[in-house]
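Listed here are the chains, written in short residue letters.
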Amino acid sequence: MKTLLFSTALFFSIFAFSQSKDTDKRFEATIDLNVGAADVWTLLTDVARWKEWDTHVIDAKLIDGFAPKAQGKLVTKNAKVIDFGIQESQEGVGYTLRHKLSSGTLFIKRSISETDSGALLTANVWYTGISPKNFKKYMGEDYTGILEAELVTVKELLTD
(Lines give C-alpha, C1' and ligand atoms only; values in the text may rest on other atoms or scores of the structure.)
Protein backbone atom coordinates (compact mmCIF):
# COMPACT_ATOMS: atom_id res chain seq x y z
CA MET A 1 0.00 0.00 0.00
CA LYS A 2 2.86 2.37 0.86
CA THR A 3 4.42 1.69 -2.54
CA LEU A 4 1.12 2.37 -4.29
CA LEU A 5 0.70 5.68 -2.47
CA PHE A 6 4.30 6.65 -3.23
CA SER A 7 3.87 5.77 -6.93
CA THR A 8 0.63 7.72 -7.12
CA ALA A 9 2.23 10.74 -5.48
CA LEU A 10 5.13 10.57 -7.93
CA PHE A 11 2.78 10.35 -10.88
CA PHE A 12 0.65 13.34 -9.91
CA SER A 13 2.91 15.77 -8.14
CA ILE A 14 6.68 15.58 -7.98
CA PHE A 15 7.85 16.35 -11.49
CA ALA A 16 7.68 19.47 -13.51
CA PHE A 17 9.28 18.72 -16.84
CA SER A 18 9.72 20.99 -19.76
CA GLN A 19 11.63 20.63 -22.96
CA SER A 20 12.26 23.34 -25.48
CA LYS A 21 10.21 22.48 -28.56
CA ASP A 22 12.25 24.51 -30.99
CA THR A 23 15.74 23.16 -30.30
CA ASP A 24 15.43 19.94 -28.26
CA LYS A 25 18.59 21.09 -26.51
CA ARG A 26 17.23 21.96 -23.06
CA PHE A 27 15.73 19.67 -20.44
CA GLU A 28 14.44 20.36 -16.93
CA ALA A 29 13.10 18.20 -14.13
CA THR A 30 12.15 19.15 -10.57
CA ILE A 31 11.41 17.09 -7.49
CA ASP A 32 10.11 18.04 -4.05
CA LEU A 33 12.24 16.57 -1.28
CA ASN A 34 11.24 16.18 2.35
CA VAL A 35 14.72 16.96 3.64
CA GLY A 36 16.59 20.20 4.21
CA ALA A 37 18.67 21.94 1.56
CA ALA A 38 21.88 21.23 3.51
CA ASP A 39 21.31 17.47 3.22
CA VAL A 40 20.63 17.78 -0.51
CA TRP A 41 23.78 19.88 -0.99
CA THR A 42 25.89 17.33 0.90
CA LEU A 43 24.74 14.49 -1.38
CA LEU A 44 25.02 16.46 -4.62
CA THR A 45 28.55 17.67 -3.90
CA ASP A 46 29.87 14.28 -2.79
CA VAL A 47 31.36 13.47 -6.19
CA ALA A 48 32.31 9.93 -5.14
CA ARG A 49 28.58 9.23 -4.63
CA TRP A 50 27.44 10.47 -8.06
CA LYS A 51 27.56 6.86 -9.29
CA GLU A 52 24.76 6.03 -6.82
CA TRP A 53 22.22 8.23 -8.61
CA ASP A 54 23.65 9.43 -11.95
CA THR A 55 23.08 6.58 -14.40
CA HIS A 56 25.87 7.77 -16.73
CA VAL A 57 28.59 7.69 -14.06
CA ILE A 58 30.66 4.70 -12.96
CA ASP A 59 33.20 6.81 -11.06
CA ALA A 60 33.99 10.50 -10.60
CA LYS A 61 36.75 12.47 -8.92
CA LEU A 62 37.59 16.12 -8.42
CA ILE A 63 41.20 17.25 -8.38
CA ASP A 64 40.96 20.17 -5.91
CA GLY A 65 37.66 19.71 -4.09
CA PHE A 66 34.22 21.08 -4.88
CA ALA A 67 34.68 24.73 -5.85
CA PRO A 68 34.18 26.97 -8.88
CA LYS A 69 36.70 26.28 -11.65
CA ALA A 70 37.62 22.89 -10.11
CA GLN A 71 38.39 20.19 -12.64
CA GLY A 72 37.56 16.53 -12.47
CA LYS A 73 37.29 13.29 -14.37
CA LEU A 74 34.47 10.83 -14.61
CA VAL A 75 34.14 7.39 -16.11
CA THR A 76 30.93 6.79 -18.03
CA LYS A 77 28.93 3.59 -18.22
CA ASN A 78 30.45 2.94 -21.66
CA ALA A 79 33.97 3.22 -20.16
CA LYS A 80 34.84 6.67 -21.52
CA VAL A 81 36.90 9.00 -19.36
CA ILE A 82 35.48 12.52 -19.55
CA ASP A 83 36.98 15.72 -18.21
CA PHE A 84 34.50 18.04 -16.53
CA GLY A 85 34.65 21.31 -14.67
CA ILE A 86 32.59 23.16 -12.15
CA GLN A 87 31.64 26.31 -14.00
CA GLU A 88 29.93 27.94 -11.03
CA SER A 89 28.92 26.97 -7.53
CA GLN A 90 27.10 28.65 -4.66
CA GLU A 91 27.21 26.61 -1.47
CA GLY A 92 23.84 25.23 -0.47
CA VAL A 93 22.14 26.73 -3.53
CA GLY A 94 23.48 24.95 -6.59
CA TYR A 95 26.17 24.44 -9.18
CA THR A 96 26.74 24.17 -12.91
CA LEU A 97 28.96 21.52 -14.47
CA ARG A 98 30.51 21.73 -17.91
CA HIS A 99 31.46 18.69 -20.01
CA LYS A 100 33.27 19.44 -23.24
CA LEU A 101 32.25 16.98 -25.94
CA SER A 102 33.91 16.46 -29.31
CA SER A 103 31.21 18.47 -31.07
CA GLY A 104 29.88 20.79 -28.37
CA THR A 105 29.49 21.40 -24.66
CA LEU A 106 27.05 19.85 -22.20
CA PHE A 107 25.97 21.85 -19.15
CA ILE A 108 24.26 20.42 -16.07
CA LYS A 109 22.86 22.82 -13.48
CA ARG A 110 21.48 21.52 -10.21
CA SER A 111 19.62 24.04 -8.04
CA ILE A 112 18.25 23.71 -4.52
CA SER A 113 15.60 25.95 -3.01
CA GLU A 114 14.00 25.81 0.44
CA THR A 115 10.30 25.02 0.75
CA ASP A 116 7.97 24.72 3.73
CA SER A 117 8.33 20.94 3.59
CA GLY A 118 12.07 20.71 2.87
CA ALA A 119 13.81 21.46 -0.40
CA LEU A 120 13.08 21.57 -4.11
CA LEU A 121 15.75 20.14 -6.43
CA THR A 122 15.83 21.21 -10.07
CA ALA A 123 18.11 19.76 -12.73
CA ASN A 124 18.61 21.73 -15.94
CA VAL A 125 20.56 20.18 -18.78
CA TRP A 126 21.44 21.89 -22.02
CA TYR A 127 24.06 21.67 -24.68
CA THR A 128 25.56 23.84 -27.33
CA GLY A 129 27.15 23.06 -30.65
CA ILE A 130 25.78 19.59 -31.29
CA SER A 131 22.61 18.34 -32.87
CA PRO A 132 19.79 16.55 -31.02
CA LYS A 133 20.87 13.36 -32.82
CA ASN A 134 24.36 13.60 -31.36
CA PHE A 135 22.94 14.41 -27.94
CA LYS A 136 20.97 11.16 -28.05
CA LYS A 137 24.19 9.37 -29.00
CA TYR A 138 25.97 10.79 -25.94
CA MET A 139 23.15 10.69 -23.40
CA GLY A 140 20.66 8.06 -24.58
CA GLU A 141 17.39 7.95 -26.49
CA ASP A 142 15.15 8.74 -23.53
CA TYR A 143 17.07 11.44 -21.71
CA THR A 144 13.89 12.87 -20.22
CA GLY A 145 13.08 9.63 -18.44
CA ILE A 146 16.69 9.21 -17.32
CA LEU A 147 16.79 12.69 -15.77
CA GLU A 148 13.52 12.14 -13.91
CA ALA A 149 14.65 8.71 -12.65
CA GLU A 150 17.89 10.20 -11.33
CA LEU A 151 15.96 12.72 -9.26
CA VAL A 152 13.79 9.95 -7.82
CA THR A 153 16.97 8.08 -6.85
CA VAL A 154 18.33 11.21 -5.15
CA LYS A 155 15.09 11.43 -3.16
CA GLU A 156 15.33 7.77 -2.17
CA LEU A 157 18.96 8.17 -1.04
CA LEU A 158 18.04 11.19 1.06
CA THR A 159 15.04 9.56 2.76
CA ASP A 160 16.60 6.18 3.57
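Trainee: Would you mind showing me how to read the nonpolar core here?
Mentor: Note on soluble globular proteins: their nonpolar side chains tend to be buried together. Ranked by size, the top nonpolar core spans 39 residues in total, and within it Val 40, Trp 50, Ile 112, Leu 121 and Val 125 carry the most contacts. Sorting the residues of this core by element identifies β2 (26–33), α2 (37–44), β3 (57–62), β5 (81–90), β6 (94–101), β7 (104–115), β8 (118–128) and α4 (143–159) as the ones contributing at least two each. The element best represented in this core is α4, accounting for six residues. Setting aside chain neighbours within four positions, we find Val 125 in contact with Lys 25, Arg 26, Phe 27, Leu 106, Phe 107, Ile 108, Phe 135, Tyr 143 and Leu 147.

Trainee: I tried to follow the packing of α2 against α4 on my own but got confused; where do I start?
Mentor: For any two helices packed against each other, one specifies the crossing angle of their axes together with the interaxial distance. The geometry of α2 relative to α4 is characterised by a closest axis approach of 11 Å and an angle of 115° between their N-to-C directions. On the basis of the axis angle, α2 is roughly perpendicular to α4. As α2 runs across α4, the sense of the crossing is right-handed. Where α2 approaches α4, its residues Asp 39, Val 40 and Leu 43 are matched on the opposing element by Val 154, Leu 157 and Leu 158. Looking at the contact of α2 with α4, its residues break down into five nonpolar, no polar and one charged.

Trainee: Would you explain α2 in this entry?
Mentor: Residues that lie three or four places apart on an α-helix share one face, since the helix turns once every 3.6 residues. Every buried residue of α2 is listed here: Ala 37, Val 40, Trp 41, Leu 43 and Leu 44. In a view along the axis of α2, the buried residues occupy a sector of 165°, so they form one face of it. Relative to its buried face, α2 has exposed residues pointing more than 90 degrees away, namely Ala 38 and Thr 42.

Cut-offs used in this document
Residues numbered from 1 in each chain as written. Predicted model: local features only at pLDDT ≥ 70, side-chain atom pairs only at ≥ 80, totals over all residues. Heavy atoms only, no water. Core = buried A, V, L, I, M, F, W, Y, C linked by side-chain atoms within 4.5 Å. Buried < 20%, exposed > 50% of the residue type's maximum accessible area, 1.4 Å probe, protein only. Helix = DSSP H or I, 4+ residues; strand = E, 2+ residues; numbered from the N terminus. Contact = heavy atoms within 4.5 Å. Axes fitted to C-alpha atoms, helices over the stretch in contact; angles between N-to-C directions. Parallel < 35°, antiparallel > 145°, perpendicular 65-115°, else oblique. Left-handed = near helix turned anticlockwise from the far one by under 90°. Nonpolar A, V, L, I, M, F, W, Y, C, P; charged D, E, K, R; others polar. Arc of directions from axis to C-beta.

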